Structures are given as C-alpha cells and as structure tokens.
Amino acid sequence: MGVVGKVITGFLGLLLCSHLHATVVLQYHHVSDKTPPSTSVTPELFEKHLDYLESQGLRVASLPDVIAKLKKGEPLPDKTVVLTFDDAYESVYTVAFPLMKARDLPFTVFVNTDPIDKKRRGFVTWEQMREMAEHGGTIANHTADHTFMPRLREGESRAQWRERIKAEVMVAEKRIEEETGQSHKVLAYPYGEFDNNVKALLDELGFIAFAQNSGPLGQHSDLLALPRFPFGGVFGAPDDFALKANTRPMPVSEVARCSDRRCRQTLDDVVVAQGDRPVLAITLKQENVLPSINCFASRQGAIETWVDGNTLYTRANEPLSPGRTQYNCTAPSGERGRFFWLSQQWLVTDKDGNWVHQD
Ligand SMILES: [Zn+2]
C-alpha cells in the first residue's frame, strides 16, 4: 500500500473510531440506605462507583459540555461518564454532593420545581441547590410536577394537553433560572415516559431530552430520547456498574421500529399496543458485528433475531403486556470488557388503548 493509501486507511480508521467513542450517562435517584431500595444506591456503593471511575481512568464530564458536542455532531470523548440525579431528593445534597465535591466532579440534578417551591420534606431546598450549582452542579428540568408527559387527562383535548405540558416544562425552566441562574433547556422525562407528541413539543420549545432506556450516548443518539443507565435496586452492583460504565454505542447507521416482519413502520417511536410484538431493525456499519449481537426483552430473556444484508431484526418472543418494556441488544466490541449496547423503550398500552401507569 502506498503512502496515500496508508493515509486514507488511517483517516478512515479514525473516522470509524470516533463513532465508537462512548460517553455514558449514569442515572441515580436516592443515595441512601433509608429510602426505597428500588430507586436507591447506598452511600457505600455510590462511593465504590466513584472509586471505580477514578481507578479505571474514566473521566467525569459535565452534561452541558457533552451536549454541546452532541449538538455540533462532534465526536464524544471516550471513557467518559456523566453523573445525573433525578428528582432532587435530599440525599443528593447530604450524601452524594460532599463526595463529588471532594473529588471536584461535575454532576447534574434534574429537578421538579413544585416540591421544592412547596418546601416538601425529603427534597433539596433552593438554597442547597444554589450551593450545588456553585460547585459543579448543573441544574436541569424534570417538569414542575413530575407529570406523566404522554398521557391525555380524562376529557382533555390535544390542544389542552399541549398547553398543560408546555406550562409544566416552561414553569420549571423559569423557576430554575430564577433560583440558580441556569437555563440549559435539557429535560429528563419523568418515569422516562414520552411519545412522538411529547418529542415534537419539546423540539418546538428548543429542548433536548433524556429518556430512561439504557445505553451509552453515540453520535446517532436521538437528541429527544437520549439513553441513560439507571442505578438502584438490582442495578449498580460493582460488576454491573463496570459493565455499563464501559459500554460503547452500537455502530449503527440506521434504526427502524416496525410493527411486523415486513417492517412497516410503527405509528409512534415508542408507543405500541398490548399483544404487539414490534420489530426493531438495526442497520450496522460493520457487518462483522452482526453475528455476535444478542437481544433481550424485559421479563422475556433472550429474544428472536434474524439478519438480512447488514440489518439485524429482533422482536419479543411473547406478545408484549401493558407497561414499560425494553429491548436491549449487545455485542462484544472487540475491546476487552467493553460491549456495544443499544436499547429501545416501548410503552405498551392496554386493551382499551390506554397507557397504564407504573412507578
Ligand atoms: Zn423522576
């Protein structure tokens, strides 16, 4: 190979490599041993997470820096994580904040402004929020009242829904700005719930948004459905944490959501009906990864996959039941201990077409 060939190959390698860079967003609620286990990690475990990041040379980045890169389409830094906390529970201030401050780590708190305005017990106060904002804290939006964003209320028109949800978002953003001087226009969907109507409204309002489907950020991430790895309950033990903190984005060129094997597009990106078995179609840049992909569905374990050309299709073995469900697809990345990871959230409506709430 001539010099030119080598230069071109090197350049392609670099391009390919930059797509595989991984920034992983970690999601916490409580850091306490006195709060509900399903949404809590203990202070000891949280400190173990921070120790692991430090010992493995994983960098902790601030969310605004990462988002600026995503918006510009720049490669994300590799071996990098972002720490995020939802709901602004008091243990974020009393337990997590001192640990992060001592290590000079940036972090983000997604805040519901109503409980703080009402000085509800168990939540951080605005004064504490300002202190965190002065020491590496990004304060971002989680709506005013932790509402179920995609759901229409009984008898509510789509226009009324729009005004109500717009107010939920804009009131929270205004209160955060008044109290902390920050306005990042970044929102985390309460319960990770959204649909195409919610996405369109947030897009119009100039927001980007985080969901709760797991996975690392990649250059192809949907800016209105950014993935995060939630920790608490069964998630976050040292092995699980190491696996997730080191994931890399599946090197996809396209992802499609289909209602059947012929791959007719679903009506919504996430909402499907009880009994459906939606198909996720993942088209990869590197065909050699295809045979090693395994996919799983919540409560169903490994699920069916098939390949056509450079696209992998997967769907649940059993019809989906009402509630939140995910498909997760993973494959070894070729780098030791690091897996490619992609997930898809489904909100499955009941037999009457209604969304059934789950905490
Ligand atoms: Zn929340």
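Residues numbered from 1 in each chain as written. Predicted model: local features only at pLDDT ≥ 70, side-chain atom pairs only at ≥ 80, totals over all residues.

Engineer: Can you help me understand the overall build of the protein in this one?
Structural biologist: When helices and strands are counted, the protein shows nine helices and 20 strands. A compact globule built from 359 residues should have a C-alpha radius of gyration of about 21 Å, and the protein, at 21 Å, falls within 12% of that. The C-alpha extent of the protein, read off along each of the three principal axes, is 65 × 50 × 35 Å. Within the protein, buried positions represent 40% of all 359 residues. Counting contacts in the protein only where the partners sit at least 6 residues apart, residues at least 24 apart contribute 67% of the total. (Helix = DSSP H or I, 4+ residues; strand = E, 2+ residues; numbered from the N terminus. Rg over C-alpha atoms; globule rule 2.2 N^0.38 Å. Buried ≥ 20, exposed ≤ 12 C-beta atoms within 10 Å, placed from the backbone. Contact = placed C-beta atoms within 7 Å.)

Engineer: What's the story with the nonpolar core in this structure? I'm lost.
Structural biologist: Side chains that are nonpolar tend, in soluble globular proteins, to be buried together. Core analysis: the largest hydrophobic core is formed by 87 residues, its most contacted members being L26, V92, L187 and A209. Setting aside residues up to four positions removed in sequence, L187 forms contacts with A140, N141, H142, V169, L202, F207 and A209. (Core = buried A, V, L, I, M, F, W, Y, C linked by C-beta atoms within 7 Å.)

Engineer: Explain the sheet that holds strand β12 (residues 252-258) here, please?
Structural biologist: Picture the strands of a sheet paired through backbone hydrogen bonds; they go either parallel or antiparallel. With respect to topology, four strands assemble into an open sheet ordered β12-β14-β18-β17, the strand pairing being antiparallel. Among the strands making up the open sheet, the edge pair consists of β12 and β17 (304-308). Averaged over neighbouring strand pairs, the angle between their axes works out to 20° when direction is ignored. For β12 and strand β14 (residues 279-284), the ladder comprises six bridges, and the chain directions are antiparallel. Among the inter-strand pairings, V255 is bridged to a residue of β14, identified as I282. (Pairing = 2+ DSSP bridges. Axes fitted to C-alpha atoms, helices over the stretch in contact; angles between N-to-C directions.)

Engineer: Could you clarify how one ought to interpret helix α3 (residues 63-72) in this entry?
Structural biologist: Three or four residues apart is the spacing at which side chains of an α-helix point the same way, because the helix has 3.6 residues per turn. Taken as a whole, α3 has its buried residues at L63, V66 and I67. The buried residues of α3 occupy an angular sector of 100° when projected down its axis, which confines them to one face. The exposed set on the far side of α3, more than 90 degrees from its buried face, consists of A68 and K72. The inward-facing, buried residues of α3 abut β1 (23-28), β5 (80-86), β6 (107-111), β7 (137-141), β8 (186-188) and β9 (208-210). One or two steps after α3, the chain reaches G73, where phi turns positive at roughly 75°. (Arc of directions from axis to C-beta.)

Engineer: Help me understand helix α2 (residues 43-55) in this model?
Structural biologist: Here α2 contains 13 residues, and its C-alpha end-to-end distance of 18 Å stays within 8% of the 18 Å for a straight helix at 1.5 Å per residue. Looking at the buried residues of α2, the elements they touch are β2 (30-31), β3 (40-41), β4 (59-60), β5, α4 (90-102) and α9 (238-245). Positioned one or two residues after α2, G57 has a phi angle of 70°, which is positive. (Expected span 1.5 Å × (residues − 1).)

Engineer: In this structure, what is going on with the pairing of strand β18 (residues 311-315)? I would like to understand it.
Structural biologist: If a strand is regular, its side chains alternate between the two faces of the sheet. By the bridge criterion, five bridges tie β14 to β18 in an arrangement that is antiparallel. Note that in β18 the partner of L280 across the bridge is T314. The hairpin formed by β17 and β18 contains two residues between the paired strands, and G309 there has a positive phi angle of roughly 65°.

Engineer: Hey, could you run me through the domain arrangement of the protein in this one?
Structural biologist: The parts lose accessible area when they come together, and the size of an interface is often stated as this lost area. Segmentation of the protein into domains returns domain 1 (21-247) and domain 2 (252-349). Contacts between the two partners involve 16 residues from domain 1, matched on the other side by 16 residues from domain 2. Of the residues assigned to the side of domain 1 that touches domain 2, the class counts are six nonpolar, eight polar and two charged. (Domains from an automatic or database assignment. Nonpolar A, V, L, I, M, F, W, Y, C, P; charged D, E, K, R; others polar.)

Engineer: Got a minute to help me understand the pairing of strand β20 (residues 339-349) in this structure?
Structural biologist: Most of β20 is tucked away, with nine of its 11 residues classed as buried. Across two bridges, the pairing between strand β11 (residues 248-249) and β20 is parallel. For P249, the partnering residue across the bridge sits in β20 and is W341. Across three bridges, strand β13 (residues 271-273) lies against β20 in parallel orientation. Each bridged residue has a counterpart across the sheet, and for A273 the counterpart in β20 is T349. Sheet topology note: the strand β19 (residues 323-332)/β20 ladder contains 10 bridges and is antiparallel. Pairing of T325 across the sheet is with W346, part of β20. Taking the residues that link successive antiparallel strands as the turn, the β19-β20 hairpin has six residues, and the phi of G334 there is positive, at about 95°.

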